[in-house]
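Here is how the chains run, residue by residue.
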Amino acid sequence: MSIADNLKQIKSSLPSNVTLIAVTKTHPIEKLMEVYHANHKVFGENKVQELCEKHEQLPKDIEWHLIGHLQTNKVKYIAGFVSLIHSVDSLKLLQEINKQAIKNNRIINCLLQLYIANEETKFGLSYNEAEELINSQAFKSLNNIKIVGLMSMASNTENSNQIKNEFNSLKVFFDKLKNQTSNNFQLTILSMGMSSDYSIAIEQGSNMIRVGSSIFGERNYK
Ligand SMILES: *Cc1c(COP(=O)(O)O)cnc(C)c1O
């Protein structure tokens, strides 16, 4: 099937409240344009440099999401245009995003990345760390960022029950924090699920999925 067919098939299977992020990492511009011409304009990249290069080359009505680990010293490159940063995992990073947002005269929407997997390779805050962060005075003084949701990745396992339990624990945490709102904190987005596990994620309450391989085919890392 073509990229456009894959996209269409996935989109038609999604509940209307679920936003699809087409994860474009490693794929060339031509392939991204196939998705764009199929009228899908929400893209996700996991590296700052690739995000910037693609943003520069592609039409400007695309919404760009950063979904991968973000280093503090690279925030400045994306602060002017990024729609949503999924991968906030420290107060220090959030403070830098706030600083760069001020320079760009905008408010940058962010998700807190939580660590729910049983794997050491994944990034993210523990539930305790996340609560500490949002309850800190330092966080409350950040006026140019807004935490609009949570993001996480489940373990890379065949055990769908484990994946389900991991997603469910994030949903429980999300529901708990949803009632706590302030000027820079209001949770509406729950970003969980990728090609291999987005159906489970949606069953567990995800409303934003990040899908690469099921749209573009396997990635070729060179
Ligand atoms: C690459 C990536 C995805 C998409 O993975 P697929 O398995 O290709 O769907 C989703 N989320 C993050 C954070 C990624 O880095």
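Everything numeric in this text was worked out from a predicted model, so none of it was measured.

**Q** Please explain the layout of surface pockets as it appears in this structure.
**A** To find leftover empty space, a probe the size of one water molecule is rolled over the atoms. When its volume is computed, the largest pocket comes out at roughly 840 Å³. Together, 34 residues line the largest pocket, and Lys25, Lys122, Met153, Met194 and Arg219 are the ones closest to its centre. Within the residue set of the lining of the largest pocket, elements represented by two or more residues are β6 (145-153), α8 (160-178) and β8 (208-211). In the lining of the largest pocket, the residues fall into 11 nonpolar, 14 polar and nine charged.

**Q** Could you clarify how one ought to interpret helix α6 (residues 127-135) in this entry?
**A** In an α-helix, one turn spans 3.6 residues, which is why side chains three or four residues apart end up on the same side. Of all the residues in α6, the buried ones are Ala130, Glu131, Leu133 and Ile134. Along α6, the residues classed as buried sweep out an arc of 160° about the axis, all on the same side. In α6, the exposed positions angled more than 90 degrees off the buried face are occupied by Asn128 and Glu132.

**Q** Hey, could you run me through the nonpolar core in this one?
**A** Counting 63 residues, the largest nonpolar core has Ile78, Ile85, Leu94, Ile97, Leu112 and Ile215 as its most contacted members. Top contributing element to this core by residue count: α8, with six residues. Excluding residues that lie within four positions of it along the chain, isoleucine 215 makes contacts with Ile3, Asn6, Leu7, Ile10, Leu20, Ala22 and Val35. Membership of the second largest hydrophobic core comes to eight residues, among which are Val148, Met151, Ile189 and Met208.

**Q** I tried to follow the pairing of strand β1 (residues 19-23) on my own but got confused; where do I start?
**A** The side chains of a regular strand alternate, first on one face of the sheet and then on the other. Extensive coverage of β1 is indicated by the burial of four of its five residues. Here β1 runs beside β8; their pairing, made up of four bridges, is parallel. Opposite alanine 22, over in β8, you have valine 211 as the bridge partner. Note: β1 against strand β2 (residues 42-45), two bridges, orientation parallel. Counterpart to valine 23 in the pairing with β2 is glycine 44. Note that the unit made of β1, helix α2 (residues 29-37) and β2 has a crossover that is right-handed.

Cut-offs used in this document
- Residues numbered from 1 in each chain as written.
- Predicted model: local features only at pLDDT ≥ 70, side-chain atom pairs only at ≥ 80, totals over all residues.
- Heavy atoms only, no water.
- 1 Å grid on protein atoms, 1.4 Å probe; cavity = no way out; pocket = protein on both sides within 12 Å on 5 of 7 lines; lining within 4 Å.
- Points joined across faces, edges and corners; volume = space filled by probe spheres on them.
- Helix = DSSP H or I, 4+ residues; strand = E, 2+ residues; numbered from the N terminus.
- Nonpolar A, V, L, I, M, F, W, Y, C, P; charged D, E, K, R; others polar.
- Buried < 20%, exposed > 50% of the residue type's maximum accessible area, 1.4 Å probe, protein only.
- Arc of directions from axis to C-beta.
- Core = buried A, V, L, I, M, F, W, Y, C linked by side-chain atoms within 4.5 Å.
- Contact = heavy atoms within 4.5 Å.
- Pairing = 2+ DSSP bridges.
- Right-handed = clockwise from strand over helix to strand, strands pointing away.

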